[in-house]
Amino acid sequence: MSGHSKWANIKRKKGANDAIRGKITTKIGREITIAVRMGGADPTGNMRLKLALSKAKSNNIPKDNIKRAIEKGLGNSESGNYEELMYEGYGPAGTAVMLDILTDNRNRTAADVRHLFSKYGGNLGQDGCVAWMFKKKAVFVVEKETFDDEDALMEIVLDAGAEDMSSEGDVFEITAEPDAYDAIEQALGEKGIETASAEVTMVPDTTVHLEGKDAEKMQTLVDALEENDDVQNVYSNYEIDEEDEE
């Protein structure tokens, strides 16, 4: 997501009910396991693992869960059977949707995802149909209640290689090329500035503002996709007002 709705979704996940939190924990654990399997257990040389651990921290995943996921990646487990895919499609009002998929049965996943798109006013598209609308970016979120000096923060992150910083409600959002992630993370850490979220994600070039029924249908579609066990991440180019997020 983008803008205010993106941060609202992060906060919503943190406060999610036990069933949804269980799915989030499982998905992040799976991502940690796959990252370890592909690049080892040292996050210093494994960016994918580093990002997965950052996501685990921002979602308050228990340390025991993280340890088990790492050990699973180091051992012989079913994690090697998973296939990574990217699905693309359209949501209500022509919004663009991209999905990170991690599945052990691509036929099942394709059928499930196609059904969800159809059920909630969208449709699954062909490869490349919306990918051109997004760019991979490093995105950091700093809550203003933890650091509210906008000028100082901007100087710190721009010097570290950030492309832009914006004020979005009660947070600052910093964007950069993915290869600047480490430098920005280090610069913020050296100044004792905590991040509410730090990730490499897909950011849309432009956004579509939704309201009313379209906003409701889009939020329902995103929720349904995120609840699917095989969908690791959902990216879209929609923005909605705060009152429509409830």
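Parameters at a glance
Residues numbered from 1 in each chain as written. Predicted model: local features only at pLDDT ≥ 70, side-chain atom pairs only at ≥ 80, totals over all residues. Heavy atoms only, no water. Pairing = 2+ DSSP bridges. Helix = DSSP H or I, 4+ residues; strand = E, 2+ residues; numbered from the N terminus. Contact = heavy atoms within 4.5 Å. Axes fitted to C-alpha atoms, helices over the stretch in contact; angles between N-to-C directions. Parallel < 35°, antiparallel > 145°, perpendicular 65-115°, else oblique. Left-handed = near helix turned anticlockwise from the far one by under 90°. pLDDT = per-residue confidence, 0-100. Buried < 20%, exposed > 50% of the residue type's maximum accessible area, 1.4 Å probe, protein only.

In space, the four strands of this open sheet follow the order β3-β1-β2-β9, with antiparallel pairing throughout. With one partner strand each, in any of the chains shown, β3 (123-124) and β9 (231-236) form the two edges of the open sheet. As judged from the two bridges shared by strand β1 (residues 83-90) and β3, these two strands associate in the antiparallel manner. Following the sheet pairing, Gly89 is matched in β3 by Leu124. Contacts from helix α5 (residues 106-119) reach β1, β2 (96-103), β3 and β9 within the one sheet, and its direction differs from that of β1 by about 20 degrees. Sheet contacts for helix α8 (residues 212-227): β2 and β9; angle to β9, the most-contacted strand, approximately 155 degrees.

Taken N-terminus to C-terminus, the directions of α5 and α8 make an angle of 165 degrees; their axes are 9 Å apart at the nearest point. By the angle class used here, α5 and α8 are roughly antiparallel. Where α5 crosses over α8, the handedness of that crossing is right-handed. Facing α5, whose interface residues are Val113, Leu116 and Phe117, α8 presents Leu221, Ala224 and Leu225.

The next thing to look at is the confidence of the model for the chain. Summary statistics for the chain give a mean pLDDT of 88 and a share of 88% for residues scoring 70 or more. Within the model, pLDDT remains below 50 along residues 1-5, and this stretch shows 23 contacts once partners closer than five positions in the same chain are excluded.

Attention shifts here to the pairing of strand β4 (residues 134-143). Within β4, seven of the 10 residues are buried, which leaves the element mostly enclosed by the surrounding structure. Where β4 and strand β7 (residues 197-204) come together, eight bridges link them in antiparallel fashion. The partner of Val141 across the bridge, within β7, is Ser197. Of the pairings in the sheet, the one linking β4 to strand β6 (residues 171-176) comprises six bridges and is antiparallel in character. Within β6, the residue paired with Glu143 across the bridge is Val171.

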